[in-house]
Every structure is written in C-alpha cells, then in structure tokens.
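Analysis of the macromolecular model
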Amino acid sequence: MVNITEKFAVSSVSDTSIPLLPSQFLEMVGVLRSLWSSTRNSFSSSASSISPKPCLLPPRASALARAFSAATAASDATSPSSALNPSRLRNVAVIAHVDHGKTTLMDRLLRQCGADIPHERAMDSISLERERGITIASKVTSIPWKEYELNMVDTPGHADFGGEVERVVGMVEGAILVVDAGEGPLAQTKFVLAKALKYGLRPILLLNKVDRPAEEQLDFPVLYASAKEGWASTTYTKDPPADARNMSRLLDAIISHVPPPTANLEAPFQMLVSMMERDFYLGRILTGRVSSGSIRVGDRVHGLRHKDSGVEKIEEGKVVKLMKKKGTHMALIDSAGAGDIVSMAGLASPSIGHTVANVEIMIALPTVELDPPTISMTFGVNDSPLAGRDGTHLTGGKIGDRLSAEAETNLAINVLPGLSESYEVQGRGELQLGILIENMRREGFELSVSPPKVMYKTENGQKLEPIEEVTIEVNEEHVGLVMEALSHRRAEIVDMGPVPGSVDRTRLSLTCPSRGLVGYRSVFSSDTRGTGFMHRAFLTYEKHRGPLGNVRKGVLVSMGYGTITAYALMSLEPRGTLFVNPGMETYDGMIVGEHSRDTDLDVNPVRNKELTNVRAASKDENVKLAPPRLMTLEEAIGYVASDELIEVTPKAIRLRKKYMDVNKRKSMSKRPKE
C-alpha cells in the first residue's frame, strides 16, 4: 500500500479525454503535504476527544416499516457471537467527489458479497437521489467477506452535504477514496480527504473508471477499478481475466489496510447516536457505533447529553429491538459489541449527538464541533392571492413543526424563529436548502421563501464575509464573458494559464465572495455553452468587498389579476424574456419575465383584445410566442433578488415581489440594496 500523502494530491483536471500522467500527480504532492501537516496537528491536539459524528437520514417511516417487516426472516442467519468479536469488524467509509462512482461501487461490493440488488444505485433510497443522480444522505450497511464483517458507509459527494461526511468519519477506522481516473482529484476530493486525515484515517486510493478508452498506464501501485463493470485490480488493466472480474481485490485491501476498531468488551455499554430515523411502529431508531461494552435486547439503558451544568439524564428505558443493516435489508440481532455499528429502538427522547449507556453510567461521550452554516433563507407562510389552492399544510405552525423535525435529524441545518410565522433556516449551500424545500413541497406544504443570504462575521468592529476559492476551466473563446461576469461579483483572479495536456482550454483560479456566487452556476453554464466547469470551496473570512455590480437585469412585474392572455404577452415579448405561458394565473406583484433593461417594469399580462364590429384579417389563434423560460427550484433560488420571494406550492414555483402593492414597492426601492 502506498503512502497516499506522498503519491497523491489535489488538482482540478476535468477533461475526461486526458489521462492522468505521473507528472501531473507529482505536481500535486505539495498541496497534499500541506493538507496533511495541518490536519495532523489538529488531530494530535484533539485525539483524546474524538467521537463519532452524527450522519443523517431523513425520516422515511413507510420504507422502514417495510424493512422491519422482513427483518424477522433475516434474523435467523445472524450470529451474536461473531458480532461481539471486534477483531473481525472493519468500519469503512466510501468518500469521493460528486459522480466519481461511490454508489455504483457500493452496488458491486454488495453483489460481490451475495446481496440481492433490486436496481442500480441500490443505496440511493430517497426518491430525490434517484431522480437527480446524486447521494444526499449517508447510509450504512454491513457485508460479509470471508470471516470478516465490513460496515460500509456510503457518503454524499457534494459540498452542501458536508455535514454528512463529518459525522461519518468519526464512526470508521478507514476510508476508500474514490477518484475518477479521467477527471482526477477535484475540489470536493480535497474536502473529504481533509476530513479523513483529520481523524487519523488511512485512506485506500481507488482509481475508478479506468476502462475508458483514453486512459493510460499509471506508474504507482494503487487499486484500479471499473465499478460499472464490477471489477477491481491491484495492477493496471482495462480487461482483467475472467476469474478476476470481481471486487475481491478491494475487499482484501480493506481487510489488510483498515485496522479493526479499538474495543473493550468488558467496559460498560456506551454508544454515541450518529443517525436517527422514525418508524411508525417502533418510534425512534437510533444508530451509532458501540464505543465500549456490549448491548443485548432487554438491557436497561438511558440517554445522556452535555449541558452547561454537567451531564443531564434525558430518559431511561430498555432496548426493545436491536437491528443491523445486512446488505439491502434490515435484520434483527440479539446482541452487539464494541466497535460494531447497530440500530436500536426503545428510547423516545435521545437524538443525534446524545449518548446511550448502561443505567449505572453517567458519563456522556464527547461530541465533535460542526462546521458553521454559510447561508440562510427565510421560510414563511404563502400569503399570495393564489395561496391554498394546491397544498394541504399552509399554516406557520405546520411549517415550524416540519422544520424542527428536519433540524432534529439533520444537524447541518439550524432553524431560528422569525417574525410573523416565519423561520430562518441556516445551511451549507443552495443545493442543501433546495432539497429541503423540494421535499416539503412534495409533502404538501406551501411556502414563501426568501433568497439566500450569506452569514457574516464581525471582528474588532470590522465586517467579514466568507470568501470561496473558485477553479474554472473554459474554452478560450469564453474567457472574456466569464471574467466580465465575475468582476461584477467582486471576484479577484489569483492565477490564469493554459490547461496542461489540452488545446484551447484556460484555467482560472479566483477568490470570490460567497454572495457573489449565489445563482452564478446557471449563468456560467449558459455563458460557456455547457463546455466549462467550475468548482468552489470555502477558503476563509475576509473583509467585506463592497456591493456587487449589475449581476442581473430588472424584471417584468404583473399589475393585473386573472388569467394571462396570449394577446397581452405578444406585446410584452419584445420587452424581455417571459417566464409564463398563456392560461396561467397571475396577480399583482408576480414576476412574469425578465426585463431587457436594469430596471423593473410594471406590465399588464391579462389584457384582452378590444371587441369591435370590424372584421380582422387575422385571428387571435394565430399569435405565435417564443417558449418561455420556466425555472426549476434551484434556478429560482439563485435568481431572485433581495426584494423578491419564491412562492413554492406542490404544483407550481412562482417568483413574486416581497411587497405586492406597487406603491409600497416604489417606496421600498429607494432604500439601498446589497
């Protein structure tokens, strides 16, 4: 096994037609060494207080009920004695950048170990994960390999869901770092690798997708794989022998290089809760790694948490059910020992970050400090004239209860009460909060949502804002457009040069305020015709860089109520880009399009043609309009300005002004904008 800190570093090579040559990897060594030295120092100073970090799974009561109904049949195969032997356990997380093949790899490992895979990407159990093709929540499962049992944790790759990775790395002793052989180590690879190194994990480097036609021999000993084809190899090949077309090499590497958990079976039972789910029949399902001792069904336990005054007892009860994920099914077990990752039912009050222990123990396990949220959005009651037509959950109380339940299972989100039945929701990024809004609208909620706001700091009387490191690769013809757009967003260029190994491609390294990047991704895709890519990662807090330039045009605001007509839109089309179709409903203050100028324009989209006795040569049915720009939820979040809101219902996403009355808007528009 190579020392990854000497052989591998972070880069932003994305062109999948360009192989990663040894010289490119040597170029990355300095970055990783500095990353390792900083994380090693922080690890050595805090090693004594390291504990598992919670990783989150949203409530899915119906799915859990189905899983537990089949648990009894699977429980007969469970051996309590093997679960109590820590030397036969290996706890491993699979970490990587977005779309580098983590979940596909998990499919192949499950199939290799005899699990029944009902469909591709079996670990992506949430509907939004399957629709978008990304992992949103971490999941844990166990697979048998030879005489060992491997607890495998699949993690998200997007930076917005970094809280999932932070909680997982404390539960495991090793990590498989998956890197796309064509794209190489990208920005999120650096993020997740830093988390792993901070906790002293020894990564296993797995170069995935080496079956692509353009890849060439890499000259250092690592694992090479094609998760799609279901094989891994210790030597570079595109076509392994028939008897080696499996994942046994990777599974053997896990056994060899990941140390077993340090466990004391004689000590009293303690477990830090890292995941929490709700089941209709069993109540709260608490998941975590057993830190010490052993647990059996029927044992008396209690929940503990840290308070300013000391350790507080939350609740006492007994273990009603003890469960463990086996492949894709949940199995009932009788007992579990230190080092194992299990789920238990029986307590109704403990949550993520709390300790479950034997009743004679009053020592709570330490929890780990989480990275702070970077943006906030305000969720409020939908007060538009079209409110209540689509949804079933309309009141501020229902919205508050739903957000509180989300904050309980997702510690990367903070919920603070606001004014007039509104709530400030703080999170890691636009995508994370967008997923929450999408889940709520599918559950029947109607909301009005404010645009994202950046979380500022004040030190020594000076206003500080989060600055992000941005790496961009574009074709040379698009460099001017990108630089002009980012200059309005207060970006500063750090480095600029050609992309090694490619023709007519330029790489830009910049620093930019987080507020300047809100909504820029869709603009970037449009400016580069989909040929560029951009990676961003939090860098530091710096002095506020001042107001942004013109990052968006004005909007066309409706001043009529009723059904939109084709006749009215025909005259509005030359004014800008429309967001609506004829036949849609509108109201005063609703945004129906983007103005071609920088100012807002009040328009009447419900105007009808005057009826006369004079016959016309043409009919209204002959009106032809260009297709409107219909925004997705993520596009709307990035588009709206500070004086605008997003109206979210189960059937529609509308943009509107915060103040629907035109006179109120004019008076408020005189105030300075950020």
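Below is a short write-up of the structure. What you are looking at is a predicted structure, and each value in this text was computed from that prediction instead of being measured. (Residues numbered from 1 in each chain as written. Predicted model: local features only at pLDDT ≥ 70, side-chain atom pairs only at ≥ 80, totals over all residues. Heavy atoms only, no water.)

Let's talk about the overall build of the protein
Looking only at helices and strands, one finds 19 helices and 35 strands in the protein. Looking at the 674 residues of the protein, the share that counts as buried comes to 53%. Taking as baseline every contact in the protein between residues at least 6 positions apart, the subset at least 24 positions apart corresponds to 72%. Accessible surface for the protein amounts to roughly 29,400 Å². Of this, 51% is attributable to carbon and sulfur atoms. (Helix = DSSP H or I, 4+ residues; strand = E, 2+ residues; numbered from the N terminus. Buried < 20%, exposed > 50% of the residue type's maximum accessible area, 1.4 Å probe, protein only. Contact = heavy atoms within 4.5 Å. Areas by Shrake-Rupley, 256 points an atom, 1.4 Å probe, with all protein chains shown as cover.)

Re helix α16 (residues 520-527)
Buried within α16 are the following residues: Tyr520, Phe524 and Asp527. Looking straight down α16, one finds that the buried residues subtend no more than 65 degrees of arc, so they occupy a single side. Those residues of α16 hidden inside the fold are in contact with β24 (462-475), α14 (479-488), α15 (514-517) and β27 (533-543). Two residues or fewer after α16 comes Arg529, characterised by a positive phi angle close to 55 degrees. (Arc of directions from axis to C-beta.)

Some points on the environment of Ala196
Tracing the chain through its elements places Ala196 in helix α10 (residues 187-198). Of the residues examined, Ala196 reaches a relative accessible area of 0% and is grouped as buried. When the C-alpha atoms of Ala196 and Ala175 are compared, they prove to be 7.2 Å apart, with 21 residues separating the residues in sequence.

Quick word on the nonpolar core
Counting residues in hydrophobic clusters, the biggest one holds 29 residues, and the most contacted among them are Leu105, Met152, Ile176 and Leu250. Contributing elements (two or more residues each) for this core: β1 (89-96), α7 (102-112), β2 (139-145), β3 (148-154), β4 (174-180), β5 (202-208), β6 (223-226) and α11 (248-257). When residues in this core are grouped by element, the largest group, five residues, is from α11. The contact partners of Ile176, leaving out residues within four places of it in the chain, are Val92, Ala93, Val94, Ile95, Leu105, Met152, Ile204, Leu206, Leu250 and Ile254. (Core = buried A, V, L, I, M, F, W, Y, C linked by side-chain atoms within 4.5 Å.)

Thoughts on the side chain of Ser292
Positionally, Ser292 belongs in strand β9 (residues 283-292). A polar side-chain atom of Ser292 sits 2.8 Å from the main-chain carbonyl oxygen of Pro268. (Polar contact = N/O pair within 3.5 Å; in protein donor to acceptor, adjacent residues only side chain to side chain.)

A closer look at the side chain of Gln270
Its place among the elements puts Gln270 in strand β8 (residues 270-279). Residue classification places Gln270 among the buried positions, given a relative accessible area of 14%. In terms of polar contacts, Gln270 uses its side chain to reach the backbone carbonyl oxygen of Ile363, at 2.8 Å. If we skip the residues at most four places from it in the chain, Gln270 touches Val290, Ser291, Ser292, Val356, Ala357, Ile361, Ile363 and Leu365.

Thoughts on unusual backbone geometry
Excluding glycine, residues mostly have negative phi values, and the peptide bonds linking residues are mostly trans. Phi at Asp504 is positive, roughly 60 degrees, even though this residue is not glycine. Residue classification places Asp504 among the partly exposed residues on the basis of a relative accessible area of 49%.

A word on the sheet that holds strand β30 (residues 576-578)
The strands making up a sheet associate through hydrogen bonds between their backbones, and the pairing can be parallel or antiparallel. With mixed pairing, four strands are arranged side by side in an open sheet as β30-β32-β28-β33. Every interior strand has two partners, whereas the edge strands, β30 and β33 (601-603), have only one. Within the sheet, the average angular offset between the axes of one strand and its neighbour, ignoring direction, is 30 degrees. Here strand β28 (residues 555-558) runs beside strand β32 (residues 591-595); their pairing, made up of three bridges, is antiparallel. Note on β32: the bridge partner recorded for Val557 is Ile591. (Pairing = 2+ DSSP bridges. Axes fitted to C-alpha atoms, helices over the stretch in contact; angles between N-to-C directions.)

Overview of the pattern of salt bridges
Enumeration over the complete set of coordinates arrives at 27 salt bridges. Residue Arg441 is joined to Glu438 by a salt bridge in which the shortest nitrogen-to-oxygen separation is 3.4 Å. Highlighted residues: Arg441 and Glu438, both in helix α13 (residues 430-442), separated by three residues, approximately one helical turn. Assessed through its relative accessible area of 13%, Arg441 is described here as buried. Assessed through its relative accessible area of 8%, Glu438 is described here as buried. Among the salt bridges present, the one from Arg552 reaches Glu644, with a minimum N-O distance of 2.8 Å. (Salt bridge = Lys/Arg side-chain N within 4 Å of Asp/Glu carboxyl O.)

What about the packing of aromatic side chains?
Applying the stated criterion to the full structure yields four aromatic pairs. Taking 5.6 Å as the distance between ring centres and 85 degrees as the angle between the ring planes, the aromatic pair formed by Phe579 and Tyr639 counts as edge-to-face. With Phe579 in the loop between β30 and β31 (585-586) and Tyr639 in helix α18 (residues 633-639), the pair connects residues that are 60 residues apart, well separated along the chain. For the pair shown, Phe579 and Tyr639 are each scored as buried. Taking NZ or CZ as reference, Arg552 lies 4.5 Å from the ring centre of Tyr639, over its face. Over the ring of Tyr659 we find Lys664, and its NZ or CZ is 5.2 Å from the ring centre. (Phe/Tyr/Trp six-rings, centres within 6.5 Å; stacked < 30°, edge-to-face > 60°. Lys NZ or Arg CZ within 6 Å of the ring centre and 35° of its normal.)

Thoughts on the packing of α7 against α11
Where α7 meets α11, the closest approach of the two axes is 10 Å, and the angle between their N-to-C directions is 90 degrees. When the axes of α7 and α11 are compared, the pair comes out roughly perpendicular. Counting all contacts with α7, which are made through Leu105, Leu109 and Gln112, the residues of α11 involved are Ser248, Leu250 and Leu251. (Parallel < 35°, antiparallel > 145°, perpendicular 65-115°, else oblique.)

Some details on the pairing of strand β34 (residues 644-648)
With five of its five residues buried, β34 lies for the most part within the structure. Of the two faces of β34, both are covered, the one formed by Glu644, Ile646 and Val648 as well as the one formed by Leu645 and Glu647. Looking at chain direction, β34 and strand β35 (residues 653-657) are connected through five bridges and run antiparallel. Counted as the bridge partner of Glu647 is Arg654 from β35. Hairpin connection, β34 to β35: the antiparallel pair is bridged by four residues.

A word on a nonpolar patch on the surface
Taken together, Met483, Ile493 and Met496 make up a surface patch of nonpolar side chains, about 250 Å² in accessible area. With respect to the element layout, Met496 can be found in strand β25 (residues 492-498). Overall, Met496 belongs to the partly exposed group, its relative accessible area being 43%. (Patch = residues over 30% accessible without salt bridge, like charges linked within 9 Å, V, L, I, M, F, W, Y side chains within 5 Å.)

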